[in-house]
Amino acid sequence: MIKNKKYYTIAGWLAALYFILLFLVPLLRMFTLSFFSEGKISFEYYTTIFTSPVYLRVLYRTLYVSFLVTGIGLVIGYAISYFISQKSEKQQKKWLILVLSPMFMSLTIRLFGWMMLLGQEGLINRVFSWLSPGKDGIPLLFSYTAVAIGIVHYCLPFIILNIYASLKRVDNALIEASLMLGESKVKTFWKVIFPLSLPGIFAAASISFALSASTFLVPLMLGGPNNLFVSNLAYNAIVNMGDYPQGAALSIVLLFIVVIVLSIISFFERRSRIA
Amino acid sequence: MDRSDIQMSSTISLKGVKKLFERHAVIEDLNLQLKDGEFLSLLGPSGAGKTTILRMIAGLEYPDGGEIRIKSRDVSTVPPNKRNLGMVFQQYALFPHMTVWENVAYGLKARKLKKEMIKEKANKYLALTGLSELASRKPRELSGGQQQRVSLARALAIEPLVMLFDEPLSNLDARLKDQMLQEIHQLHQKLKFTAVYVTHDQNEALFLSDKIAVLNGGKIEQFDRPEMILSQPATAFVADFFGYTNTFASAILKDEHMVSISGVELPVGYTTETPGSSGIVKMRENGVNIVGNEEASGLEPSKAEKSIEAYVIEARYLGSETKLLLRLDQEGEHSFSVKIPQIIRPLPEIHSKINLLINADYVTFYLEE
């Protein structure tokens, strides 16, 4: 036992070291980088972000779409999670595998799939033109909507996993108790099941928002040049223009906003747990 | 509860109730009647179907045949929220996000009563269960016993037609269990609710019930008052469940009061079989004494008792009793154990022969199963 304990301590330190070296150090480097201009401490790069209409618009878009997508994802995800949780144990496993299966595939490939579905000659537009011949197809690809659809698709498995787990934790006896006390099934859902699944909803919201706000691939592939996110700008600054400090500053701003939003969500999550 | 308009007919009636589980009948042709205000226990080992019966009465499961009537209304297909029954769950099933008061008021709010009415009733039942002080606490701040009392108050508050109990005391320790038994009994005396109580503990059933249904394999072995079940267990299974733990095989019933086991004659207190039939004898561990020890035990020799010889296999003390493992014959085919309610000094020697007084009331005879 003692030997085992030692082993775990060493393993823990190795993990910590790995985390510090490969995650914290680069992050700190980014942080310092964004505050230095020609060897002097400067807020130049931050001033640029908050005075440039382009940057501000992209920042706004990133946050707006992230909130929107999180909201839509939660509604769809809750419905699917509830549906699965009502199935028999055996069926639940099958449905979960089905829901999570996209995660076993590269996001790039999945997004190519969406490009084919949403494109000018894609399935959706073909169905549309078949329904109303003569009219032009709707420009779906390279739009706001396409990005939102893509991110919902990307986040949904994470949302479902969290909400499903919290729904599973609601003791069936509580539902039975509510019915025995004379409450209908619908009221039982709103008075017992939903409040008790709130921790899962908040956890799902956190993950969904963090993933949305930091996504790089989805706006790039489905949004086109007019629907970029902050992460795309940071990439451009660093890779295309070699402007490391500007890219770093963009990343730090994004990180800062995401951390604030997550703190707010986790504040509500803690309150819902105590409740 | 306003009970003046309730007639003394059956409150609960189960007729030919059947329940399948994966196409296999777990309950078949079950019949049960319970009068208003009676306390019924469904007693049996796990898998006997007692919880299934309770859940069918509750509406949490539906029968695959037969009918269930509550107050002469056929509820066989009525959902649980339309049956007006109170249920106390094994794991309490309190709503963790609500206070004690909100838990107790839950069913009253569901009935859309007026605010003052909800307040009045919730407070009344909180007081009855001694919870008034804890009304604003959350369930997780309460002990197990307190949680079960909230569950009781919550079910009573809706003033249900029947109170259902699903092994409510099985999660409590022995001391709390006794206390809660007492409380449930007193509440029943006071409120005179009709109750169905599921348990695997014969002591709980005996303590609380007006009637006990002993279940085995989805069938009722005996349905009777506690004293009848204790003194006249209908089957060997019931006898075994109520402490007739000794079994003698290949016994022959001589007459209504005498049975012969390999030539040894034992008095029999209860049997429904005809003389001459062969079967098994069940005997309690207590109600036996050693000849010469009667005065100390207060067990006077009477015509109900008969002295027999037995051989000692083992003798040990057990608390304030003496436990003896004996056999009727020297070969040791018919061994049995008895508890003498004193500390016998010195312990009888192993292989020695002793004379036993047997109380016929503790011996029963059944046909071979």
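Residues numbered from 1 in each chain as written. Chains lettered and ligands numbered in written order. Predicted model: local features only at pLDDT ≥ 70, side-chain atom pairs only at ≥ 80, totals over all residues. Heavy atoms only, no water.

1. Things to note about the confidence of the model for chain B
Mean pLDDT over chain B: 89, with 93% of residues reaching 70 or higher. The ipTM for the predicted assembly is 0.85, set against a pTM of 0.84. (pLDDT = per-residue confidence, 0-100.)

2. Overview of the pairing of strand 9 (residues 211-216) of chain B
All names here are of chain B. With five of six residues buried, strand 9 is to be regarded as a mostly interior element. Here four bridges tie strand 3 (residues 39-43) to strand 9, and the two strands are oriented parallel to one another. By the bridge assignment, leucine 43 is partnered in strand 9 with valine 214. Across five bridges, the pairing between strand 9 and strand 10 (residues 219-224) is antiparallel. Looking across to strand 10, one finds that isoleucine 212 is bridged to aspartate 224. Taken together, strand 9 and the strand that follows it, strand 10, pair antiparallel across an intervening segment of two residues, in which glycine 217 is found at a positive phi of about 55°. (Buried < 20%, exposed > 50% of the residue type's maximum accessible area, 1.4 Å probe, protein only. Helix = DSSP H or I, 4+ residues; strand = E, 2+ residues; numbered from the N terminus. Pairing = 2+ DSSP bridges.)

3. Some points on the layout of surface pockets
All names here are of chain A. Here the largest pocket defines a volume of roughly 740 Å³. If you trace the largest pocket, you find 24 residues lining it, with Ser85, Gln86, Asn172, Ile175 and Glu176 closest to the centre. Going through the elements one at a time, helix 3 (53-85), helix 4 (89-100), helix 7 (144-168), helix 8 (172-180) and helix 9 (185-214) are the ones with two or more residues in the lining of the largest pocket. Its residues assigned to classes, the lining of the largest pocket shows 11 nonpolar, seven polar and six charged. (1 Å grid on protein atoms, 1.4 Å probe; cavity = no way out; pocket = protein on both sides within 12 Å on 5 of 7 lines; lining within 4 Å. Points joined across faces, edges and corners; volume = space filled by probe spheres on them. Nonpolar A, V, L, I, M, F, W, Y, C, P; charged D, E, K, R; others polar.)

4. Considering the pairing of strand 20 (residues 363-367) of chain B
Residues and elements named next belong to chain B. Among the five residues that make up strand 20, four are buried, leaving the element largely enclosed by the rest of the structure. Bridge count for strand 14 (residues 278-283) against strand 20 is five bridges, and the pairing is antiparallel. Bridged to methionine 283 within strand 20 is valine 363.

5. A look at the confidence of the model for chain A
Summarising the model, chain A shows a mean pLDDT of 92, and 98% of its residues fall at 70 or more. Confidence scores differ between elements of chain A, with strand 1 (residues 36-37) of chain A showing the lowest mean pLDDT of 82 and helix 8 of chain A the highest of 97.

6. With respect to the sheet that holds strand 13 (residues 264-267) of chain B
Residues and elements named next belong to chain B. The sheet built from five strands is open, its strands ordered 13-12-11-14-20 with antiparallel pairing. Of all strands in the sheet, those bounded by a partner on one side alone are strand 13 and strand 20. Strand after strand, the sheet turns through a mean of 45° between neighbouring axes, direction not considered. (Axes fitted to C-alpha atoms, helices over the stretch in contact; angles between N-to-C directions.)

7. Observations regarding the packing of aromatic side chains
Where two aromatic rings form a pair, the distance of their centres and the angle of their planes describe that pair. For the coordinates displayed, the defined rule picks out 27 aromatic pairs over all chains. Relative to phenylalanine 23 of chain A, the ring of phenylalanine 19 of chain A has its centre 5.1 Å away and its plane inclined at 25°; by these criteria the two rings are stacked. With a gap of four residues between them, phenylalanine 19 of chain A and phenylalanine 23 of chain A both fall in helix 1 (residues 2-33), about one helical turn apart. Ring centres 4.9 Å apart and planes at 85° place the aromatic pair phenylalanine 189 of chain A and tryptophan 190 of chain A in the edge-to-face group. The exposure class assigned to phenylalanine 189 of chain A is buried, which follows from its relative accessible area of 14%. Above the plane of the ring of tyrosine 106 of chain B lies lysine 191 of chain A, whose end atom (NZ or CZ) is 4.7 Å from the centre. One residue, arginine 154 of chain B, lies across the ring of phenylalanine 95 of chain B, its end atom 4.9 Å from the ring centre. (Phe/Tyr/Trp six-rings, centres within 6.5 Å; stacked < 30°, edge-to-face > 60°. Lys NZ or Arg CZ within 6 Å of the ring centre and 35° of its normal.)

8. Quick look at the interface of chain A and chain B
Contacts between chain A and chain B engage 19 residues on the former and 25 residues on the latter. Of the roughly 1,900 Å² buried at the junction of chain A and chain B (both faces included), carbon and sulfur atoms supply 65%. Summed over the three residues of chain A that lose the most area to chain B, namely Glu176, Met180 and Leu181 of chain A, the buried surface amounts to 39% of that side. Joining chain A to chain B, the criterion identifies one salt bridge. For arginine 55 of chain B, the salt bridge is made with glutamate 176 of chain A, and the minimal N-O distance between the two is 2.6 Å. For the pair chain A and chain B, the interface holds five residue pairs in polar contact (both at pLDDT 80 or more). Among the secondary structure elements, those contributing two or more residues to the side of chain A that touches chain B are helix 8 and helix 9 of chain A. No other element matches the seven residues that helix 8 of chain A contributes to the side of chain A that touches chain B. (Contact = heavy atoms within 4.5 Å. Buried area = accessible area lost by both parts, 1.4 Å probe. Salt bridge = Lys/Arg side-chain N within 4 Å of Asp/Glu carboxyl O. Polar contact = N/O pair within 3.5 Å; in protein donor to acceptor, adjacent residues only side chain to side chain.)

9. What about the domain arrangement of chain A?
Residue and element names in this part refer to chain A. Looking at the assigned domains, one finds that chain A contains domain 1 (1-33) and domain 2 (44-274). Using only C-alpha atoms to locate each centre, domain 1 and domain 2 end up separated by 30 Å. Counting residues at the interface gives four residues for domain 1, matched by six residues for domain 2. Summed over both sides, the interface between domain 1 and domain 2 buries roughly 470 Å², with carbon and sulfur atoms accounting for 85% of that surface. Sorting the residues of domain 1 by area buried against domain 2 places Met30, Phe31 and Leu33 first, and these three jointly supply 86% of that buried surface. Linking domain 1 to domain 2 there are zero salt bridges. Connecting domain 1 to domain 2 are zero residue pairs in polar contact (both at pLDDT 80 or more). Split into classes, the residues belonging to the side of domain 1 that touches domain 2 amount to four nonpolar, no polar and no charged. (Domains from an automatic or database assignment.)

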